[in-house]
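These are the residues of each chain, in order.
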Amino acid sequence: MTTAQTPELDVQPTPLALLLLGREADPRSERGVECPGDLPSPSDPDLVARARAAKEKLGDKVFVLGHHYQRDEVIQFADVTGDSFKLARDAAARPEAEYIVFCGVHFMAESADILTSDDQKVVLPDLAAGCSMADMATAEQVAECWDVLTEAGVAEQVVPVSYMNSSADIKAFTGKHGGTICTSSNAQRALEWAFEQGEKVLFLPDQHLGRNTAVRDLGMSLEDCVLYNPHKPNGGLTPEQLRDAKMILWRGHCSVHGRFSLDSVNDVRERIPGVNVLVHPECRHEVVAAADYVGSTEYIIKALEAAPAGSKWAIGTELNLVRRLANRFAPEGKEIVFLDKTVCFCSTMNRIDLPHLVWTLESLAEGNLVNRIEVDQETEAFAKLALERMLALP
């Protein structure tokens, strides 16, 4: 009895396969996890004192920005807190600060570098603090998408609108092609402006913010929106679909806000009678449609500040912020809970921890510039153009 001989196949594992096997890192989201020095131990009881001492030594030379989604252990050292764009503008308003330490994620630090002066140096305490949403749209993929739109004969009618949560490369593409940037606070104004410039919008990279704004705020139908999937030929769309669409949505999403479901909303209403459901517009459309209130991070904070004592709220946004707000308003008798039963932090935002912050501040205090985020001049010029169009919105 003989067996057939099977020739050996020269199969090379793909980067994705190696990533899933745990043998490789994704170079787009894992931008570097090694520090050129030893991190202090997370169990070091002196970390808080060390951070204070290093920050005091640096004085006005350092300006620490803390995004709302940061851990409490980090946010306590922030000179200002806010969303990504507010923080970038705050940094630009402090030209005397030589070092801008951005406790956030990579695209936020890029935006700060674009808006600050050449003399200022933007530092990200952990280079691996990326953003899964921002990484869902690469410059190569978006350039290919534009080719698809050109071949379909619609590119001249399309105005790109990119969410602030995008890389500098995507912001630059937007600026180069006559588009603008938006935040979750001004997405409606940005889309209204875009439709004054053209007949269609290519919205990058968060499909949910684009869809929710178009349907909820501008009165479009879901049929006016199509979803461009960069992993499918021609985005998975026909030329006819592209010609008929008003909103061409990029297939991207926030890994935190995308977790909330209609079941989450229904469940919390059953558990807490009279609860107000307040969610971020990065949530899925059915979640936004079922919520009582929808708005940006700043909107959520202001809504809770204005809420009457004794009111009950279920919040659909990142857990660090929800917990901080729950503790802040508990003395006023406001009950604030996380919308979902499952604990869900922003994993990349949480890479910025106290050991990384201490290492960063101590390195800068010793005269060692670490983890600088620097956008090249051409990218910066076009990205700044897109940001300036946003700032000029009425």
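The shown structure was predicted, so the numbers you read here are calculated from the model rather than taken from an experiment.

(A) The overall build of the protein, seen in detail. Across its full length, the protein holds 16 helices and 14 strands. Among the 394 residues that make up the protein, the fraction classed as buried is 55%. Taking contacts inside the protein between residues at least 6 apart in sequence as the whole, the part at least 24 apart equals 68%. Element-wise, carbon and sulfur atoms account for 48% of the exposed surface of the protein, whose accessible area totals about 18,100 Å².

(B) Representation of the sheet that holds strand E13 (residues 335–338) in the model. Taken in spatial order, the four strands make up an open sheet running E11-E10-E12-E13, and their pairing is parallel. Lying at the two open borders of the sheet, with one neighbouring strand each, are strand E11 (293–294) and E13. Taken together, the four bridges between strand E10 (residues 276–279) and strand E12 (residues 312–316) define a ladder with parallel strand orientation. For Leu278, the partnering residue across the bridge sits in E12 and is Ile315. Helix H13 (residues 297–306) contacts E10, E11, E12 and E13 of the sheet and is inclined by roughly 155° relative to E10. Of the strands in this sheet, E12 and E13 are in contact with helix H14 (residues 319–329), which crosses E13 at around 165°.

(C) The pattern of salt bridges, seen in detail. Counted according to the given criterion, the structure contains 15 salt bridges. Between Lys61 and Glu98 there is a salt bridge whose closest N-O contact spans 3.8 Å. In this pair, Lys61 is assigned in the loop between helix H2 (47–58) and strand E1 (62–67) and Glu98 in the loop between helix H4 (84–92) and strand E3 (99–103), connecting sequence segments 37 residues apart. Classification of Lys61 as partly exposed rests on a relative accessible area of 39%. Judged by its relative accessible area of 27%, Glu98 falls in the partly exposed class. In this structure, Arg269 engages Asp292 in a salt bridge whose closest nitrogen and oxygen atoms are separated by 3.1 Å. Linking Arg269 in helix H11 (residues 262–271) with Asp292 in the loop between helix H12 (285–290) and E11, this pair joins segments that are 23 residues apart in sequence. According to the relative accessible area criterion, Arg269 is partly exposed, its value standing at 31%. Take Asp292: its relative accessible area is 38%, and that puts it in the partly exposed class.

(D) Inspection of helix H8 (residues 187–197) at higher detail. For H8, the set of buried residues is Ala187, Ala190, Leu191, Trp193 and Ala194. Seen along its axis, H8 keeps its buried residues to an arc of 160°; they face one direction. Here the buried face of H8 lies against strand E5 (158–163), strand E6 (180–182), strand E7 (200–204), helix H9 (207–217), strand E9 (247–250) and helix H16 (377–391).

(E) Representation of the packing of helix H6 (residues 139–151) against helix H7 (residues 168–176) within the structure. Packing of H6 against H7 brings their axes to within 9 Å, and their N-to-C directions diverge by 25°. Taken as axis vectors, H6 and H7 run roughly parallel relative to one another. Taking contact as the criterion, the partners of Ala139, Val142 and Trp146 in H6 are, on H7, Asp169, Ile170 and Phe173. When grouped by side-chain class, the residues that make up the contact of H6 with H7 number five nonpolar, no polar and one charged.

Rules behind the numbers
Residues numbered from 1 in each chain as written. Predicted model: local features only at pLDDT ≥ 70, side-chain atom pairs only at ≥ 80, totals over all residues. Heavy atoms only, no water. Helix = DSSP H or I, 4+ residues; strand = E, 2+ residues; numbered from the N terminus. Buried < 20%, exposed > 50% of the residue type's maximum accessible area, 1.4 Å probe, protein only. Contact = heavy atoms within 4.5 Å. Areas by Shrake-Rupley, 256 points an atom, 1.4 Å probe, with all protein chains shown as cover. Pairing = 2+ DSSP bridges. Axes fitted to C-alpha atoms, helices over the stretch in contact; angles between N-to-C directions. Salt bridge = Lys/Arg side-chain N within 4 Å of Asp/Glu carboxyl O. Arc of directions from axis to C-beta. Parallel < 35°, antiparallel > 145°, perpendicular 65-115°, else oblique. Nonpolar A, V, L, I, M, F, W, Y, C, P; charged D, E, K, R; others polar.

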